[in-house]
Number of protein chains: 2
Amino acid sequence: MLEAILMMYLRRGAAHGYDLAARLTECGFVGLNPGLVYRALRGMEDLGWIRSAWDGEASHGPPRRVYSLAPPGEQAMEDLVRGFREIRGLIDKVIAAYEQQAGC
Amino acid sequence: MLEAILMMYLRRGAAHGYDLAARLTECGFVGLNPGLVYRALRGMEDLGWIRSAWDGEASHGPPRRVYSLAPPGEQAMEDLVRGFREIRGLIDKVIAAYEQQAGC
DNA sequence: CTGTCTATTGACATTTTGTCATTAGTTGCC
DNA sequence: GGCAACTAATGACAAAATGTCAATAGACAG
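Described below are features of the structure shown in this document. Being a predicted model, the structure only gives us computed values, none of them experimental.

Conventions adopted
Residues numbered from 1 in each chain as written. Chains lettered and ligands numbered in written order. Predicted model: local features only at pLDDT ≥ 70, side-chain atom pairs only at ≥ 80, totals over all residues. Heavy atoms only, no water. Least-squares fit on C-alpha atoms with pLDDT ≥ 70 in both. Contact = heavy atoms within 4.5 Å. Buried area = accessible area lost by both parts, 1.4 Å probe. Salt bridge = Lys/Arg side-chain N within 4 Å of Asp/Glu carboxyl O. Polar contact = N/O pair within 3.5 Å; in protein donor to acceptor, adjacent residues only side chain to side chain. Helix = DSSP H or I, 4+ residues; strand = E, 2+ residues; numbered from the N terminus. Nonpolar A, V, L, I, M, F, W, Y, C, P; charged D, E, K, R; others polar. 1 Å grid on protein atoms, 1.4 Å probe; cavity = no way out; pocket = protein on both sides within 12 Å on 5 of 7 lines; lining within 4 Å. Points joined across faces, edges and corners; volume = space filled by probe spheres on them. Near = heavy atom within 4 Å.

What follows covers the relation of the copies chain A and chain B. Overlaying chain A on chain B yields an RMSD of 0.1 Å, the required transformation being a rotation through 180° with an accompanying axial translation of 0.0 Å. Both copies are brought into coincidence by an operation consistent with a two-fold rotation axis. Residues of chain A ranked by C-alpha distance from the rotation axis are headed by Arg88 of chain A, positioned 3.0 Å from it. Residue by residue, 100% of the interface of chain A is reproduced at the interface of chain B, so both copies engage with the same surface.

Laid out in structure tokens, this is it:
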């Protein structure tokens, strides 16, 4: 989930972790401290979904790592979305079973 | 998820673990070996959501434990369903963001 | 030169999930 | 009687996911 959201953000342009973490909290995703975001980013980089490089631009702080979406990431995003649709189908099934007290 | 489905089944009547596991596979829920079902059942019993008793009826096998829904389980089921709706909302949000390339 | 904000990393604990062997009773076959 | 197959439940262990939080460190304001 977190990974999917981060890739959605990256698809709109490269960004660094701290920014992404801030955007998440702005957008109302709670309980996601920066550590989780950084871990997710590193994990996705290990998988080849995203790339990173140290930012050459002068920042008002320590050096920062800029992440951008890599081609395998586009594919991964599609797969994730497909998985989400499946999960949504399952949830619908369970909710329907709850309301109608029937079905599988 | 598994817990919710099991409670849905139990709402329709008491049953024992092996039966529930079989019903799950019948209904197309894959990757759920009996061990997972038994563990989920014991966990829910610890939470007071369900109750169990050894089956008095003669069975064609070893003694079996019959589970039934307890009143706190009804409440828990409602809470679970509410949670599912929330997750569903999140998924919708992410899928929409993926398709329209906009939003949070 | 101290505190604060930005930025990333790493260590550790907890929880969840998956796998699989073990125990054990019943039934049916030879 | 002995043995295999099926039913039924439990427990131990490993792996993966998640959560928490301290440590490091550059830049800037006072």
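Resuming the write-up.
Taken residue by residue, the interface counts 29 residues in chain A and 29 residues in chain B. Carbon and sulfur atoms supply 69% of the area buried between chain A and chain B, which totals about 2800 Å² over both sides. At the junction of chain A with chain B, the criterion picks out four salt bridges. Connecting chain A to chain B are six residue pairs in polar contact (both at pLDDT 80 or more). For the side of chain A that touches chain B, the elements supplying multiple residues, two or more each, are α1 (2–11) and α4 (71–100) of chain A. In terms of residue count, α4 of chain A provides more of the side of chain A that touches chain B than any other element does, 16 residues in total. Along the lines of polarity and charge, the residues of the side of chain A that touches chain B split into 19 nonpolar, two polar and eight charged.

Time to look at empty space enclosed by the protein. Tallied over the entire structure, the rule returns one cavity of 30 Å³ or more. There is about 40 Å³ of room inside the largest cavity. Considering the residues around the largest cavity, the lining is formed by Ile5, Met8, Tyr9, Arg12 and Phe29 of chain A together with Val94, Ala97 and Cys104 of chain B. Among the elements of the structure, α1 of chain A together with α4 (71–100) of chain B are those that each provide at least two residues to the lining of the largest cavity. Among the elements that make up the lining of the largest cavity, the one with the highest residue count is α1 of chain A (three residues).

Before going further, it helps to spend a moment on the protein's contact with DNA strand C. As a matter of local geometry, DNA strand C sits amid 17 residues, with Tyr38, Pro62, Arg64 and Arg65 of chain A together with Arg39 of chain B nearest to it. Across the atoms of DNA strand C situated within 4 Å of the protein, the share located in sugar and phosphate is 57%. With respect to DNA strand C, the backbone of Gly17 of chain A contributes an N or O atom lying 3.3 Å from a phosphate oxygen. Between DNA strand C and the protein, one listed contact pairs a phosphate oxygen with a side-chain N or O atom of Tyr38 of chain A at 2.6 Å. Among the elements of the structure, α2 (17–26) and α3 (34–46) of chain A together with α3 (34–46) of chain B are those that each provide at least two residues to the surface near DNA strand C. Looking at side-chain class alone, the surface near DNA strand C contains seven nonpolar, six polar and four charged residues.

Near DNA strand D you find 16 residues, and of these Arg39 of chain A together with Tyr38, Pro62, Arg64 and Arg65 of chain B are the closest. Put simply, 54% of the atoms of DNA strand D that lie within 4 Å of the protein are in sugar or phosphate. A distance of 3.2 Å is found between a phosphate oxygen of DNA strand D and a backbone nitrogen or oxygen belonging to Gly17 of chain B. Where the surface near DNA strand D is concerned, the elements lending two or more residues are α3 of chain A together with α2 (17–26) and α3 of chain B. For the surface near DNA strand D, the residue count by class is seven nonpolar, five polar and four charged.

Remember, this is a structural readout, not a statement about activity or role.
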